[in-house]
Amino acid sequence: MSRQNYPNTPLQSAASTSWSDIKFGPSGLYTLRQHIGTLEHARGIYLQHQDRFFASDIAWFASGCHKDGRHQVPSDHFYPDYLHNGDGSTLGQRNELRSSTRELLFDLATLSDHSFAGSTLVVQVDGTSASGTRYIPEHLKAHVYLPQAITTENPECHSTIAHIVQLFLESIGTKTVARWHSATKVTPGFNWSFNYSSEPTRRANPSAPLMPPPTAWGASSYVFLGQPHGYLSMDSDSCAHMNCEQKLVDLQQALEDSEMRSRELTCEVDHLQLKIAELSMSNLRFGADDTTSRRKNVSSLPQYSQLHSAFPSPTKMSPEAFTPSPSKSGRIASVVPKMEIPHIQRFGSKLAPNHPLPLHAKGCRSVASVPNQQHSLPSMT
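1. Details of the overall build of the chain
Inference 1: Within the chain, the secondary structure is distributed over eleven helices and three strands.
Inference 2: For the chain, the succession of helices and strands along the chain, N to C, is α-α-α-α-α-α-β-β-α-α-β-α-α-α.
Inference 3: Residues counted as buried form 27% of the 381 residues belonging to the chain.
Inference 4: Intrachain contacts of the chain at a sequence separation of at least 6 include 66% that bridge at least 24 residues.
Inference 5: Taken as a whole, the chain presents about 25100 Å² of accessible surface, with 57% of it coming from carbon and sulfur.

Pasting the structure below:
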């Protein structure tokens, strides 16, 4: 988001917007950077450390916010900053800015703990919620910062931390989501429709360990999935029973998804088989037409007509015509029909002048037996 809202080259002039009119949001951050500039005297430094400059721009707006006295608004209204944040920006830009602001919040907590040997706990829940959910903790999640040294050196604290986050989601997170939903109904421009029925269409969060793993290697941030009311105060048997019920629901849903996918694959297989059959029939028709065409083309040649008239039709041959006889060398001689073929006697010397044909069929003589005859084939042209 920072690269979409920040200039990639030094700006020649500042924006016409006054400093007091700049409001927090993607467009406001861009306007602020227009006023500050991009360090033209040190080319490349801004682009090299753009993430840090972006964090400093967010901090510029955040300075003094917790004591500015602008904390009370009606329960069905948004803070003015929320409305300014949406001016001239896309949903993707706002979501990325929200993540960047949260990361800066965690960075400041980390810097404070590391620099002054303290321990800070940050629990943050989003007010927005997807359609098909209810104001219940098992539909929420919390973004949490904790010093990693505390969580690794003191595993006995995991249960306490999990209870704190779960109680926060139960008592604060659910009311935060309900408040956001109420504000969307009366705020102009928020013509959204959400389904918060008694029977939610969105599945509840799966069961999770007391202490989830960090969001990334070497990070001190965590995401806690909300659980049903009183989940952590249950005894082990009740927790196991609830886990089994949740797993059963998840398996049933997975089975339904698999069956639907199986039906879709079956339809795809049937479609492909039908396509293969159509292509096979098309190839057969094309092959038959092509064979007939080639036969017609060959029969139209004068060479073919002369050769065809020189040799008898195979339908005139008798079954005994295909009886082979051994040649003088002991090999099987070429099969010659048992009928009078004077053309062989006439054309034999030209067909194979250096390879006498061992013709031993009745009514035929080998070419070697008539060495002095000079005959020629009919002209092929």
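2. Looking at the packing of helix H4 (residues 50-62) against helix H6 (residues 91-116)
Inference 1: Closest axis-to-axis distance for the H4/H6 pair is 10 Å, and the angle between their directions is 85°. Of the possible angle classes, the one that applies to H4 and H6 is roughly perpendicular. On the side of H4, the interface is formed by Phe54, Ala55, Ile58 and Ala59, while H6 contributes Leu97, Ser100, Thr101 and Leu104.
Inference 2: Class assignment for the residues of the contact of H4 with H6 results in six nonpolar, two polar and no charged.

3. Details of H6
Count 3.6 residues to each turn of an α-helix, and residues three or four apart come out pointing the same way.
Inference 1: An ideal rise of 1.5 Å per residue puts 38 Å on 26 residues; H6 measures up with 38 Å between its terminal C-alpha atoms.
Inference 2: Buried residues of H6: Gln93, Leu97, Ser100, Arg102, Leu104, Phe106, Ala109 and Asp113, and no others.

4. Some points on a nonpolar patch on the surface
Inference 1: Residues Trp19, Ile36 and Trp60 make up a contiguous nonpolar surface patch of about 330 Å² in total accessible area.
Inference 2: If you trace the backbone, Trp60 turns up in helix H4.

5. Structural notes on the confidence of the model for the chain
Inference 1: Summarising the model, the chain shows a mean pLDDT of 74, and 63% of its residues fall at 70 or more.
Inference 2: Here residues 319-323 is modelled with pLDDT under 50, and outside its nearest four sequence neighbours on either side it reaches eight contacts, counting other chains as well.

6. Quick notes on the packing of aromatic side chains
Inference 1: Overall, the coordinates contain six aromatic pairs when judged by the stated rule.
Inference 2: An angle of 40° between the planes, with centres 5.5 Å apart, marks the rings of Tyr46 and Phe53 as tilted. Taken as a pair, Tyr46 and Phe53 share a single burial class, namely buried.
Inference 3: Ring geometry for Trp60 versus Phe61: centroids 5.2 Å apart, planes at 85°, classification edge-to-face.
Inference 4: Among the residues examined, Trp60 registers a relative accessible area of 41% and is labelled partly exposed.
Inference 5: Overall, the relative accessible area of 15% leaves Phe61 in the buried class.
Inference 6: Through successive ring pairs, a cluster of aromatic residues spans Trp19, Phe24, Trp60 and Phe61.

7. What about the sheet that holds strand S3 (residues 221-225)?
Inference 1: An order of S1-S2-S3 is seen for the three strands of this open sheet, with the pairing classed as antiparallel. Here the strands that pair on one side only, and so sit at the sheet edges, are strand S1 (122-124) and S3. Adjacent strand axes in the sheet meet at a mean angle of 25°, parallel and antiparallel pairs treated alike.
Inference 2: Of the pairings in the sheet, the one linking S1 to strand S2 (residues 141-145) comprises three bridges and is antiparallel in character. Its bridge partner being in S2, Val122 is matched across the sheet by Tyr145.
Inference 3: The strands touched by H6 are S1, S2 and S3; relative to S2, the strand with the most contacts, the crossing angle is about 35°.

8. Some remarks on the nonpolar core
Inference 1: Listed in full, the twelve residues of the largest apolar core are Val125, Leu140, Ala142, Val144, Leu146, Ile161, Val165, Leu169, Val177, Met211, Tyr222 and Phe224.
Inference 2: Every element with two or more residues in this core is listed here: S2, helix H8 (158-186) and S3.
Inference 3: Per element, the largest residue contribution to this core is four residues, and it comes from H8.
Inference 4: Setting aside chain neighbours within four positions, we find Val165 in contact with Val123, Ala142, Val144 and Phe224.
Inference 5: Counting eight residues, the second largest nonpolar core, distinct from the first, contains Leu29, Phe61, Leu97 and Leu104.

9. Description of the pattern of salt bridges
Inference 1: The final tally for this structure, using the stated rule, is five salt bridges.
Inference 2: Salt-bridge contacts for Asp68 lead to Arg70; the nearest nitrogen and oxygen are separated by 3.2 Å.
Inference 3: A relative accessible area of 42% means that Arg70 is categorised as partly exposed.
Inference 4: Among the ionic pairs, Arg102 bridges to Asp126, the shortest N-O distance being 3.3 Å.

10. Some words on the side chain of Gln227
Inference 1: Along the chain, Gln227 turns up in the loop between S3 and helix H9 (236-299).
Inference 2: Within polar-contact distance, the side chain of Gln227 engages the backbone oxygen of Pro206 at 3.1 Å.

11. Observations regarding the environment of Ile172
Inference 1: By the secondary structure assignment, Ile172 is in helix H8.
Inference 2: The partly exposed category is assigned to Ile172, whose relative accessible area is 40%.
Inference 3: C-alpha separation for the pair Ile172 and Pro137, spaced 35 residues apart in sequence, amounts to 9.6 Å.

12. A closer look at unusual backbone geometry
Inference 1: One non-glycine residue, Leu39, lies in positive phi territory at about 55°.
Inference 2: Its relative accessible area of 30% is what places Leu39 among the partly exposed residues.
Inference 3: The phi angle at Ala117 is positive, at roughly 55°, despite the residue not being glycine.

Cut-offs and rules
- Residues numbered from 1 in each chain as written.
- Predicted model: local features only at pLDDT ≥ 70, side-chain atom pairs only at ≥ 80, totals over all residues.
- Heavy atoms only, no water.
- Helix = DSSP H or I, 4+ residues; strand = E, 2+ residues; numbered from the N terminus.
- Buried < 20%, exposed > 50% of the residue type's maximum accessible area, 1.4 Å probe, protein only.
- Contact = heavy atoms within 4.5 Å.
- Areas by Shrake-Rupley, 256 points an atom, 1.4 Å probe, with all protein chains shown as cover.
- Axes fitted to C-alpha atoms, helices over the stretch in contact; angles between N-to-C directions.
- Parallel < 35°, antiparallel > 145°, perpendicular 65-115°, else oblique.
- Nonpolar A, V, L, I, M, F, W, Y, C, P; charged D, E, K, R; others polar.
- Expected span 1.5 Å × (residues − 1).
- Patch = residues over 30% accessible without salt bridge, like charges linked within 9 Å, V, L, I, M, F, W, Y side chains within 5 Å.
- Salt bridge = Lys/Arg side-chain N within 4 Å of Asp/Glu carboxyl O.
- pLDDT = per-residue confidence, 0-100.
- Phe/Tyr/Trp six-rings, centres within 6.5 Å; stacked < 30°, edge-to-face > 60°.
- Pairing = 2+ DSSP bridges.
- Core = buried A, V, L, I, M, F, W, Y, C linked by side-chain atoms within 4.5 Å.
- Polar contact = N/O pair within 3.5 Å; in protein donor to acceptor, adjacent residues only side chain to side chain.

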